[in-house]
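Coordinates in review
These are the residues of each chain, in order.
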Amino acid sequence: ETGVTQSPTHLIKTRGQQVTLRCSSQSGHNTVSWYQQALGQGPQFIFQYYREEENGRGNFPPRFSGLQFPNYSSELNVNALELDDSALYLCASSPEVVSGGWQETQYFGPGTRLLVL
Amino acid sequence: GQNIDQPTEMTATEGAIVQINCTYQTSGFNGLFWYQQHAGEAPTFLSYNVLDGLEEKGRFSSFLSRSKGYSYLLLKELQMKDSASYLCAVGGGNKLTFGTGTQLKVEL
């Protein structure tokens with residue numbers, strides 16, 4: 001069983017640029033969630049995709065957008081990069097959103113570390 | 001909204017037992033999760049509580065009291081490799097809401 005993978009591992013961009021981060025979900029998982037983790041903080045929820053549709057969004061501006069593909073892999077796009085966007089971006093997958101009324105466990109990929117200069 | 005509190009740092013001795021507490025106030029609850037995160041790495045899943053009580057998993061146990069909005073993670077027989085950040089997260093509304101994490105340092 002293949003775990004969650006993300007690419008690239010590291011990325012350096014300048015203010016105003018655009019970036020696309022990629023995630024392949026664990027085999028059998030149809031739900032992908034994206035989180036931003038600043039240094040010394042817990043991960044913050046950006047949004048979730050379930051069966052190719054956005055299924056919830058956190059407190060992030062519209063310049064953060066995403067996609068999920070038929071094979072359940074996903075992309076996170078960030079436009080007009082700002083210095084504060086420098087963080088570890090984590091993708092997590094789960095078999096479903098909920099099961100029996102309870103949240104399914106989310107399994108995280110290794111993350112993409114983004115530095116905006 | 002969601003508010004999750006856990007201590008910032010803890011130090012313990014190799015071979016000892018440590019308890020990391022987490023309190024939460026949430027508008028929705030679909031489970032309480034604990035993750036371990038080593039520096040520069042992704043969070044790895046440790047445990048999951050949906051009902052009140054203790055869940056045991058080897059050296060790790062997690063407790064939940066929904067009425068009190070309280071959970072703890074218990075680590076036994078501490079090893080040096082247990083030095084990491086421990087994240088408490090509440091599931092609800094399709095997402096996980098994380099605390100800021102407790103940095104545990106295990107000393108000889």
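What you see is a predicted model, and the numbers here were worked out from it, not measured in a lab.

The subject of this paragraph is the overall build of chain A. Secondary structure assignment for chain A yields zero helices and 13 strands. Ordered by position from N to C terminus, the α and β elements of chain A give β-β-β-β-β-β-β-β-β-β-β-β-β. Here the C-alpha radius of gyration of chain A, 14 Å, is about what a compact globule of 117 residues would show, namely 13 Å. Considering only C-alpha atoms, chain A reaches an extent of 45 × 30 × 30 Å along its principal axes. Every one of the 117 residues in chain A was classed for burial, and the buried ones make up 48%. Considering only contacts within chain A whose residues lie at least 6 apart along the sequence, 55% involve residues at least 24 apart. The distance from the centre of the 7 positive side-chain charges to the centre of the 10 negative ones in chain A is 10 Å.

What follows covers the state of the cysteines. All names here are of chain A. In total, this model carries two disulfides over all chains according to the counting rule given. Cys 23 shares a disulfide with Cys 91; S-S distance 1.8 Å. Its S-S torsion of about -55 degrees marks the bond between Cys 23 and Cys 91 as left-handed, since a negative value means left-handed. Of this pair, Cys 23 sits in strand 3 (residues 19-24) while Cys 91 sits in strand 9 (residues 87-94), and the two are 68 residues apart along the sequence.

Turning our attention to the side chain of A:Glu75. Residue and element names in this part refer to chain A. Turning to its location among the elements, Glu 75 is positioned in strand 8 (residues 74-78). Looking at Glu 75, the relative accessible area reads 14%, which means it is buried. Not counting residues within four places of it along the chain, the set of residues in contact with Glu 75 comprises Thr 20, Leu 21, Arg 22, Trp 34, Ser 65, Gly 66, Leu 67 and Phe 69.

As a further point, take the interface of chain A and chain B. Taken together, the contact pairs 24 residues of chain A with 24 residues of chain B. Buried area between chain A and chain B, both sides added, is near 1800 Å², and the carbon and sulfur share of it is 57%. Among the residues chain A hides against chain B, the three largest losses belong to A:Trp102, A:Gln103 and A:Phe108. Together they make up 35% of the total. Along the contact surface separating chain A from chain B lie zero salt bridges. The tally of links between chain A and chain B comes to five residue pairs in polar contact (both at pLDDT 80 or more). At the level of elements, strand 4 (31-37), strand 5 (44-50), strand 9, strand 11 (102-103) and strand 12 (107-108) of chain A are the ones that each hand at least two residues to the side of chain A that touches chain B. Grouping the constituent residues of the side of chain A that touches chain B by class yields eleven nonpolar, eleven polar and two charged.

Here we come to the pattern of salt bridges. All names here are of chain A. Taken as a whole, this structure holds eight salt bridges over all chains when the rule is applied. Notably, a salt bridge pairs Glu 54 with Arg 57, separated by 3.5 Å at the nearest N-O pair. Judged by relative accessible area, Glu 54 falls into the partly exposed class, the value being 40%. Between Asp 85 and Arg 63 there is a salt bridge; the shortest N-O distance is 2.8 Å. Here Asp 85 is found in the loop between strand 8 and strand 9, whereas its partner Arg 63 is found in the loop between strand 6 (53-57) and strand 7 (64-68), with 22 residues between them in sequence. On the basis of relative accessible area, Asp 85 is assigned to the buried category, the value being 3%. Connected through salt bridges with shared partners, the residues Arg 63, Glu 82 and Asp 85 form a single ionic network.

The rules we used
Residues numbered from 1 in each chain as written. Chains lettered and ligands numbered in written order. Predicted model: local features only at pLDDT ≥ 70, side-chain atom pairs only at ≥ 80, totals over all residues. Heavy atoms only, no water. Helix = DSSP H or I, 4+ residues; strand = E, 2+ residues; numbered from the N terminus. Rg over C-alpha atoms; globule rule 2.2 N^0.38 Å. Buried < 20%, exposed > 50% of the residue type's maximum accessible area, 1.4 Å probe, protein only. Contact = heavy atoms within 4.5 Å. Lys, Arg positive; Asp, Glu negative; His and termini not counted. Charge placed at Lys NZ, Arg CZ, Asp CG, Glu CD. Disulfide = S-S within 2.5 Å. Buried area = accessible area lost by both parts, 1.4 Å probe. Salt bridge = Lys/Arg side-chain N within 4 Å of Asp/Glu carboxyl O. Polar contact = N/O pair within 3.5 Å; in protein donor to acceptor, adjacent residues only side chain to side chain. Nonpolar A, V, L, I, M, F, W, Y, C, P; charged D, E, K, R; others polar.

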